[in-house]
Amino acid sequence: QKILQENPAAVIHRANIIKLLTEGDMEGVKEEEVSIERSITQLKTQKIKRNIRALRSPGTTILIFLLATLGAFLYKYRQQAKESKKTVILEAAMYKYPLLLFNDGSFIRLDTINGNGIPNLLFDKQHNILSIGGPINNFSEARFITPRGATYQLILPEKSSILTDGKTSVLLFLDPALSSREIAISGQAFIEVAPDPRRPFIVDLPQKSKIRVLGTSFNINTDEQGSIQAALKTGKIQLENEAGSTTLEPDSVASWRKGTAITKTKFNPDVIFSWQR
């Protein structure tokens, strides 16, 4: 407690440790036999089942509800709880290795490749640096997923750089010829955008939020229990969410939750950027 009071960075480290010790992560660590292939397959199956349930007509749903007994309701509730826990375990299993995941469910485990054997893909194992030069395996879209407890640097085709924290997902569009530059982030990352006045750089975030920039560097954190935080180091960015929009100046941090207005304040870089060390 004394250290936490005297050292703001220690608070961040403590929170990261607690985050690593959640039920899903621990199950993912223990369930070594849960392969990434099995995780992806079962997660896709569960998604299809949810979509099928969503397509049922309202009349049928009401009729089923009226005919259902209390016992059936409790059974369904228990099954949903089991499915939810199973999903958490499967997702946790995916955070063991650095992955590049494609739309058809195929993926590349980056820790298993050497040098630049795959066109448009170069991975430096020693320094955890992934460089992408264009479409990979004929895919123009991919999701970069980092393992728990490790940071990686991602170099995009147009030379913008993203330093990603552990358990972070970045959706990428790999074609450098696109008229706009766009990514989507879930987790925590520090982004340095290569200037290009003709093509804005857009970061899509959870809760229908997004950031628009031309050339700048900033930190994104979506891990704080439903809260989103953007801290600007250099340049200028425009923030948008369901409640409105605002512009952020250097050395300022913006925070918001779903349905709330964006609030701004100054920040301590030793705290905000401590995860990078």
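These figures come from a predicted structure and were not determined experimentally.

Student: For this particular structure, what's the right way to read the overall build of the protein?
Tutor: Each helix and strand in the protein was counted, giving seven helices and 18 strands. Counting only residues that meet the buried cut, the protein has 39% of its 277 residues in that class. Taking the contacts inside the protein whose residues are at least 6 apart along the sequence as the reference set, 47% of them involve residues at least 24 apart. Carbon and sulfur atoms make up 55% of the accessible area of the protein, which totals about 15600 Å².

Student: Would you take a moment to explain the nonpolar core for this structure?
Tutor: Proteins that are soluble and globular tend to have nonpolar side chains buried together. L121, I183, I191, I211 and F218 are the most contacted members of the largest nonpolar core, which totals 42 residues. Aside from chain neighbours lying at most four places away, what touches F218 is A189, F190, I191, V193, V203, I211, V213, A231, L232, K233 and I237.

Student: Would you explain the pattern of salt bridges in this entry?
Tutor: Side chains bearing opposite charge may pair, as long as their charged atoms lie close to each other. Counted by the stated rule, this structure contains seven salt bridges. Across the pair E158 and R181 runs a salt bridge whose closest N-O atoms are separated by 2.8 Å. Of this pair, E158 sits in the loop between strand 6 (152-155) and strand 7 (161-164) while R181 is found in strand 9 (residues 181-186), placing the two residues 23 residues apart along the sequence. For E158, a relative accessible area of 15% gives the class buried. Residue classification places R181 among the buried positions, given a relative accessible area of 4%.

Student: Just to check I follow, could you spell out unusual backbone geometry for this structure?
Tutor: Among all residues save glycine, negative phi is the norm, and among peptide bonds the norm is trans. Backbone geometry at N128 places phi at a positive 55°, although glycine is not the residue there. With respect to the helices and strands, the residue N128 is situated in the loop between strand 3 (121-124) and strand 4 (129-132). We classify N128 as partly exposed; its relative accessible area is 22%.

Student: Please clarify how the sheet that holds strand 9 should be interpreted in this entry.
Tutor: A sheet is described by the order of its strands in space; here nine strands give the open sequence 2-1-5-8-9-11-12-15-16, paired in mixed fashion. Every other strand in the sheet has two partners, leaving strand 2 (107-109) and strand 16 (244-248) as the edge strands with one partner each. Looking at each pair of strands side by side, their axes are set apart by 20° on average, direction ignored. In this sheet, strand 9 lies alongside strand 8 (residues 169-173) in antiparallel orientation, the contact comprising four bridges. In the sheet register, V170 faces strand 9, and the bridge partner there is I185.

Student: Would you take a moment to explain the environment of Y152 for this structure?
Tutor: Mapped onto the elements, Y152 comes out in strand 6. Taking the C-alpha atoms as reference points, Y152 and L163, eleven residues apart in sequence, are found 5.8 Å from one another.

Student: In this structure, what is going on with the packing of aromatic side chains? I would like to understand it.
Tutor: Aromatic ring pairs: the centre-centre distance and the angle between the two ring planes describe each pair. Across all of its chains, the model carries five aromatic pairs by this definition. Considering the side-chain rings of F123 and Y152, the 6.3 Å spacing of their centres and the 20° angle between planes classify their relative orientation as stacked. Here F123, found in strand 3, pairs with Y152, found in strand 6; they are 29 residues apart in sequence, far enough to count as distant. With relative accessibility at 7%, the residue Y152 sits in the buried group. Note on F144 and Y152: the rings are 6.2 Å apart at their centroids and 85° apart in plane angle, and the pair reads as edge-to-face. By relative accessible area, F144 is classed as buried at 0%. Among the aromatic residues, those joined into a cluster by ring pairs are F123, F144 and Y152. K167 extends its terminal NZ or CZ atom over the ring of Y95, reaching a point 5.2 Å from the ring centre.

Student: Would you explain the side chain of S161 in this entry?
Tutor: Topologically, S161 is positioned in strand 7. Within the structure, S161 has its side chain in polar contact with the side chain of Q153 (distance 3.0 Å). Residue contacts for S161: discarding those within four places in its chain leaves Q153, L154, I155, F190, I191 and E192.

Student: What is the right way to look at the pairing of strand 16 in this model?
Tutor: The side chains of a regular strand alternate between both faces of the sheet. Where strand 15 (residues 237-241) lies against strand 16, five bridges are found, and the strand directions are antiparallel. Residue E240 lies in a different strand from strand 16, and its bridge partner there is S245. Hairpin connection of strand 15 to strand 16: two residues between the antiparallel strands.

What counts, and where the lines are drawn
Residues numbered from 1 in each chain as written. Predicted model: local features only at pLDDT ≥ 70, side-chain atom pairs only at ≥ 80, totals over all residues. Heavy atoms only, no water. Helix = DSSP H or I, 4+ residues; strand = E, 2+ residues; numbered from the N terminus. Buried < 20%, exposed > 50% of the residue type's maximum accessible area, 1.4 Å probe, protein only. Contact = heavy atoms within 4.5 Å. Areas by Shrake-Rupley, 256 points an atom, 1.4 Å probe, with all protein chains shown as cover. Core = buried A, V, L, I, M, F, W, Y, C linked by side-chain atoms within 4.5 Å. Salt bridge = Lys/Arg side-chain N within 4 Å of Asp/Glu carboxyl O. Pairing = 2+ DSSP bridges. Axes fitted to C-alpha atoms, helices over the stretch in contact; angles between N-to-C directions. Phe/Tyr/Trp six-rings, centres within 6.5 Å; stacked < 30°, edge-to-face > 60°. Lys NZ or Arg CZ within 6 Å of the ring centre and 35° of its normal. Polar contact = N/O pair within 3.5 Å; in protein donor to acceptor, adjacent residues only side chain to side chain.

Everything listed here is a matter of geometry and, on its own, says nothing about what the molecule does.
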